[in-house]
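So you can see what is in the structure, the chains are spelled out below.
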Amino acid sequence: MSHSKCLRCRSRVWRDVPAAESAGFLCPGCGSELEPVTDLSELIGLRALRVRPRSPLRQSADHSERISQQIRQTIAAHDAERQRRIDALRP
Ligand SMILES: [Zn+2]
C-alpha cells in the first residue's frame, strides 16, 4: 500500500497496492501517470485526491457505540415529536 503523486496537478493519491505495483495508475485529477512516492516528505504541499483510509483498529467499539447512541437519540426525538403532534390534534 502506498502513496502516489502527480506533479502535473500537484496532488497525491492513496492506493491499496504495494508501491512496486502502483506504476501505470493514472491521476484521478488530471489523468497523468502517477509517480511512486519513496519518501513521505514528497507529499508535503500536495493536495489529497484520495487519502489513506483510517486504520480499522482505530475505529474502536466506542466509535460504533457513539453512532448507535446518536441513532437511538434521533429515533427517540422523532417519536417524541410524533406524539406531540398527536396530542396537539386531540381536543
Ligand atoms: Zn494529476
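Residues numbered from 1 in each chain as written. Predicted model: local features only at pLDDT ≥ 70, side-chain atom pairs only at ≥ 80, totals over all residues. Heavy atoms only, no water.

### A few points about the overall build of the protein chain
And then number 1: Each helix and strand counted, the protein chain has one helix and four strands in total.
And then number 2: A total of 91 residues make up the protein chain; the buried ones form 19% of that total.
And then number 3: In the protein chain, 46% of the contacts between residues at least 6 apart in sequence involve partners at least 24 apart.
And then number 4: Carbon and sulfur atoms make up 54% of the accessible area of the protein chain, which totals about 7,100 Å². (Helix = DSSP H or I, 4+ residues; strand = E, 2+ residues; numbered from the N terminus. Buried < 20%, exposed > 50% of the residue type's maximum accessible area, 1.4 Å probe, protein only. Contact = heavy atoms within 4.5 Å. Areas by Shrake-Rupley, 256 points an atom, 1.4 Å probe, with all protein chains shown as cover.)

### Observations concerning the coordination of the zinc ion
And then number 1: Every protein donor of the zinc ion is accounted for by C6 (SG), C9 (SG), C27 (SG) and C30 (SG), and the metal-donor separations fall at 2.2 to 2.3 Å.
And then number 2: For the zinc ion, the four donor atoms in the first shell make angles of 100 to 115 degrees at the metal, a pattern classed as tetrahedral. (Donors = N, O, S within 2.8 Å, 3.2 Å for Na, K, Ca; no water. Tetrahedral: all angles 85-135°; square planar, octahedral: opposite > 155°, others 65-115°.)

### A look at the pattern of salt bridges
And then number 1: In the structure shown here, the tally under the stated rule is six salt bridges.
And then number 2: Residue R85 is joined to E81 by a salt bridge in which the shortest nitrogen-to-oxygen separation is 3.2 Å. You can see R85 and its partner E81 sitting in helix α1 (residues 61–89), four residues apart, about one turn around the helix.
And then number 3: The exposure class of R85 is exposed, given its relative accessible area of 52%.
And then number 4: What makes E81 partly exposed here is its relative accessible area of 28%.
And then number 5: By sharing partners, the salt bridges in this structure join E81, R84 and R85 into a single network. (Salt bridge = Lys/Arg side-chain N within 4 Å of Asp/Glu carboxyl O.)

### Quick notes on unusual backbone geometry
And then number 1: Despite not being glycine, R10 shows a phi value in the positive range, around 50 degrees.
And then number 2: As for its position among the elements, R10 is in the loop between β1 (2–6) and β2 (11–15).
And then number 3: Among the residues examined, R10 registers a relative accessible area of 45% and is labelled partly exposed.

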